[in-house]
Amino acid sequence: MTTKNRESENKEQENRLLLPFFPHYLLDEVIAWYVMLGVIVVLASLFPAGLEEQADPFQTPAHIKPEWYFLAVYQELKIVPRTIGVLTPMLGILLLLVLPFIDRNPHKTWRRRPIAVGLGVIVLVAAIVLTVWGWRS
Amino acid sequence: MRESDPRESEGRLPTVDRRGFVRSLLGFSIISTIMGVLTPIIGYLWPPARSARGGGGRVLVGTLTDIPPGQAEVLPINDKPVIVVNTQDNQVRAFSAICTHLGCVCEWEDRRQFILCPCHDGRFNALTGAVISGPPPSPLPSVEVVVEDGDIYAGGA
Amino acid sequence: MQQKDVFYRTWPLRFWNWLDKRYALQEFLHALVDVPIPRSANTLYLGGITLFLFGIQAITGILLSIYYQPTPENAYGSILFIMNDVRFGWLIRSIHAWGANLMIIFCILHLLRVFVQGAYKPPRELTWMAGVLLLMLTLGFGFTGYLLPWDQRAFWATTVGSEIAGAIPLVGQAALNFLRGGPEITALTLSRFFGTHVLVLPVGLALLVAIHLVMVHQQGLADPTEPTGSPDDLLQEGAEGSRVGGSDDH
Ligand code: HEM
Ligand code: FES
């Protein structure tokens, strides 16, 4: 009897802790996808993709800029020497790749990870500033 | 749950409960989403009308010096081969160069001054496009052609 | 109960049962889908949306490749043709362009969520590393795809962008040549960018996404609440978050 009671108690605890992937989580996910589909069709209809003049290898147009996601690197390259300019992003990617092995802090909430979160915020702000700067320059 | 309409239990009304209603709505929205996705895809895959592009306007094919009297040239006009002929008495004509027999592209027979299909020796009159001899069942369709200041334009209305 | 019976008599269900008897599909699906999610987990659906956008890109990209012609003479014209003459061509191309940008945005947001929640910590190091590579591949899609319309912006942005590779010490010139298929941007550049964009990257990304998701599946989602992460907790969490621990009742 007692074992049975404990068993059901454990089960209850587990139920409180865990949510089934299917259908609970998946339903929310599908709703998110559906919204995304609507958003993307509306955006594509209101702001269709553009096309400039055909490429002419003998005539450079006035303002060439990369896509927005490369603007930060583009701007960073303008303000530091070339070699440092390419090595910094490569080093950054490498650090990002091995982040789980560098960051040995066992805590998960951001409140108890001041260094990691602090550095993360600095990198993020720098990237945003460089992007906006590159865009407006 | 709503109170059921007494007519339902009497069998005078079909029963539709809330669950069935919602289920139908869901079914309809799934079907309309699928149709909304499939319609553009099928429309996209359907071959577009090439003639929509420029609609086959007239094209400058060259000057009278490019095609002197007694000569002809096969040129792509609106993506189709067209033979432009300048006859020995200075008459400029243009015909579709696609043989009416089995669709080979015709060429100019310089020595004997007619349009020749190399596949089965079909021969066409250079002035009218009419069949002289061979298997082609009908004349070559003519193509509009004008000469302005020595420039030859072909195609178009 | 009665409704259920009706449902089970419909032919799709009967076909399903027929298949299930032969291939034990039910079991397979259960193994796939019975992943308990910690209540405290909050993914904001960002990874899933990234995946969905990848699906959109795959479909619209395949459609575009049906009319696109990857040569300097024809590329621009074929894009014009898609935009002006093909039914819904403008829509398909615009969705592909927006999908590219949104996929990068959502990939970055997903990374930020994983970072902020500390979900990259042991035992999920490899999931994170696969993720970083996924982001690189996604950016690679953007870089190679940008050249394909062969308009002024495409040509010159690629000129400047690939020039950057030349600044890498020692191997710079080699890297540049490799990227462009020669010292200049030519037909060779266009066809290698095209091949990379429509074959190499999609296959690579699909495989890596599969690996990424299998790893997520095997470990379950991270529980972002404290306390956890110490060696003891690692074991405990591994058991608790995993399918093995959660599936006693199945
Ligand atoms: C093509 C790009 C990517 C796709 C399609 C993708 C997909 C997913 C999906 C569907 C999940 C399940 C949880 C969720 O939805 O958040 C997930 C989890 C995860 N992803 Fe990604 N991801 C991508 C890129 C990345 C990147 C760039 C990173 C980080 C560098 C990353 C790191 C992780 C980690 C660590 C988890 C486990 C999170 C947890 O257990 O809470 N992924 N990914
Ligand atoms: S195809 Fe021209 S004669 Fe047969």
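Just above sits the structure.
These numbers were taken from a predicted model, which means no experiment stands behind them. (Residues numbered from 1 in each chain as written. Chains lettered and ligands numbered in written order. Predicted model: local features only at pLDDT ≥ 70, side-chain atom pairs only at ≥ 80, totals over all residues. Heavy atoms only, no water.)

Caption draft 1: Representation of the overall build of chain C within the structure. On a plain count of helices and strands, chain C comes out with twelve helices and one strand. Listing every helix and strand of chain C by position from the N terminus yields α-α-α-β-α-α-α-α-α-α-α-α-α. Here chain C, with 250 residues, has 48% of them falling under the buried criterion. In chain C, the share of contacts with a sequence separation of at least 24, taken over all contacts with a separation of at least 6, comes to 66%. (Helix = DSSP H or I, 4+ residues; strand = E, 2+ residues; numbered from the N terminus. Buried < 20%, exposed > 50% of the residue type's maximum accessible area, 1.4 Å probe, protein only. Contact = heavy atoms within 4.5 Å.)

Caption draft 2: Structural context of the overall build of chain A. When its secondary structure is counted, chain A shows six helices and one strand. Starting at the N terminus and walking to the C terminus, you meet the elements of chain A as α-β-α-α-α-α-α. Counting every position in chain A, which comprises 137 residues, the buried fraction comes to 23%. For chain A, the accessible surface area stands at approximately 9,800 Å², while carbon and sulfur atoms represent 69% of it. (Areas by Shrake-Rupley, 256 points an atom, 1.4 Å probe, with all protein chains shown as cover.)

Caption draft 3: Inspection of the site of ligand 1 at higher detail. Neighbouring ligand 1 are 25 residues; His110, Arg113, Gly131, His212 and Ala222 of chain C lie closest to it. Those residues lying near ligand 1 are distributed over chains A and C. Separating an oxygen atom of ligand 1 from a backbone N or O atom of Gly48 of chain C is a distance of 3.3 Å. A distance of 3.0 Å separates an oxygen atom of ligand 1 from a polar atom in the backbone of Ala222 of chain C. Its residues assigned to classes, the shell around ligand 1 comprises 14 nonpolar, nine polar and two charged. (Near = heavy atom within 4 Å. Polar contact = N/O pair within 3.5 Å; in protein donor to acceptor, adjacent residues only side chain to side chain. Nonpolar A, V, L, I, M, F, W, Y, C, P; charged D, E, K, R; others polar.)

Caption draft 4: Quick look at helix H3 (residues 71–79) of chain A. Those residues of H3 of chain A that fall on the buried side of the exposure criterion are Leu71, Ala72, Tyr74, Gln75, Glu76 and Leu77 of chain A. In this fold, the buried residues of H3 of chain A make contact with helix H4 (82–97) and helix H6 (114–136) of chain A together with helix H8 (152–165) of chain C.

Caption draft 5: How the structure looks around the packing of helix H2 (residues 11–23) of chain C against helix H3 (residues 25–33) of chain C. Residue and element names in this part refer to chain C. Relative to each other, H2 and H3 sit at 85°, their axes nearing to 7 Å. Taken as axis vectors, H2 and H3 run roughly perpendicular relative to one another. Contacts from Trp16, Leu19, Asp20 and Tyr23 in H2 reach Leu25, Gln26 and Leu29 in H3. (Axes fitted to C-alpha atoms, helices over the stretch in contact; angles between N-to-C directions. Parallel < 35°, antiparallel > 145°, perpendicular 65-115°, else oblique.)

Caption draft 6: Layout of the coordination of the iron atom of ligand 1. Residue and element names in this part refer to chain C. Coordination sphere of the iron atom of ligand 1, protein contribution only: His110 (NE2) and His212 (NE2), at 2.0 to 2.1 Å. Between the six donor atoms coordinating the iron atom of ligand 1, the angles at the centre fall across 85 to 179°, so the site counts as octahedral. Linking His110 in helix H6 (residues 89–116) with His212 in helix H10 (residues 187–219), this pair joins segments that are 102 residues apart in sequence. (Donors = N, O, S within 2.8 Å, 3.2 Å for Na, K, Ca; no water. Tetrahedral: all angles 85-135°; square planar, octahedral: opposite > 155°, others 65-115°.)

Caption draft 7: Up close: the sheet that holds strand E3 (residues 80–86) of chain B. Residue and element names in this part refer to chain B. Read from one edge to the other, the open sheet built from three strands follows the order E2-E3-E4, with strand pairing classed as antiparallel. With partners counted over all chains shown, the strands left at the sheet margins are strand E2 (71–77) and strand E4 (92–96), one partner each. Strand-to-strand twist of the sheet, defined as the mean angle between neighbouring strand axes without regard to direction, takes the value 25°. Here five bridges tie E3 to E4, and the two strands are oriented antiparallel to one another. What sits directly across from Ile83, in E4, is Phe95. (Pairing = 2+ DSSP bridges.)

Caption draft 8: Quick look at the sheet that holds strand E8 (residues 131–133) of chain B. Residue and element names in this part refer to chain B. A sheet is described by the order of its strands in space; here four strands give the open sequence E5-E6-E7-E8, paired in antiparallel fashion. The outermost strands of the open sheet, each flanked by one partner alone, are strand E5 (107–109) and E8. Strand-to-strand twist of the sheet, defined as the mean angle between neighbouring strand axes without regard to direction, takes the value 40°. When strand E6 (residues 114–117) meets strand E7 (residues 122–124), the two strands line up antiparallel, connected through three bridges. Directly across from Leu116, in E7, lies its bridge partner Arg123.

Caption draft 9: Geometry of the interface of chain C and chain A. If you look at the interface, chain C gives 79 residues, while chain A gives 69 residues. Summing both sides of the interface, chain C and chain A together bury roughly 6,800 Å²; the carbon and sulfur share of this comes to 70%. Summed over the shared surface of chain C and chain A, the result is two salt bridges. One salt bridge in this structure joins Glu52 of chain A and Arg153 of chain C, with 3.5 Å as the shortest N-O distance. Applying the counting criterion to the chain C and chain A interface returns 25 residue pairs in polar contact (both at pLDDT 80 or more). Going through the elements one at a time, strand E1 (36–38), helix H4 (46–67), helix H5 (75–84), H6, helix H7 (125–147), H8, helix H11 (231–241) and helix H12 (243–246) of chain C are the ones with two or more residues in the side of chain C that touches chain A. At 17 residues, H6 of chain C tops the list of elements feeding residues into the side of chain C that touches chain A. Classifying every residue of the side of chain C that touches chain A gives 49 nonpolar, 15 polar and 15 charged. With three bridges joining them, strand E1 (residues 18–20) of chain A and E1 of chain C adopt antiparallel strand pairing. Across the sheet, the residue bridging to Pro20 of chain A is Pro36 of chain C, located in E1 of chain C. (Buried area = accessible area lost by both parts, 1.4 Å probe. Salt bridge = Lys/Arg side-chain N within 4 Å of Asp/Glu carboxyl O.)

Caption draft 10: Molecular detail of unusual backbone geometry. In the segment running from Pro122 of chain C into Pro123 of chain C, the intervening peptide bond is cis, with an omega of 5°. If you trace the backbone, Pro123 of chain C turns up in the loop between H6 and H7. For Asp149 of chain B, which is not glycine, the phi dihedral falls at a positive 50°. For Leu170 of chain C, which is not a glycine, the phi torsion comes out positive at approximately 70°. Tracing the chain through its elements places Leu170 of chain C in the loop between H8 and helix H9 (172–180).

Caption draft 11: Summary view of the state of the cysteines. All names here are of chain B. Under the definition given, this model contains one disulfide over all chains. Between the sulfur of Cys104 and that of Cys119 lies a disulfide, 1.9 Å long from S to S. One disulfide, between Cys104 and Cys119, carries an S-S torsion of -95° and so falls in the left-handed class. With a gap of 15 residues between them, Cys104 in the loop between E4 and E5 and Cys119 in the loop between E6 and E7 connect regions that are remote in the sequence. Residue classification places Cys119 among the partly exposed positions, given a relative accessible area of 35%. (Disulfide = S-S within 2.5 Å.)

Caption draft 12: Representation of the pairing of strand E9 (residues 145–148) of chain B within the structure. Residues and elements named next belong to chain B. Here E9 runs beside strand E10 (residues 151–154); their pairing, made up of four bridges, is antiparallel. Following the sheet pairing, Glu148 is matched in E10 by Asp151. Remark: two residues form the turn of the hairpin made by E9 and E10, two consecutive strands paired antiparallel; Asp149 in that turn has positive phi of roughly 50°.

Limitation: the analysis is restricted to geometry and does not speak to function.
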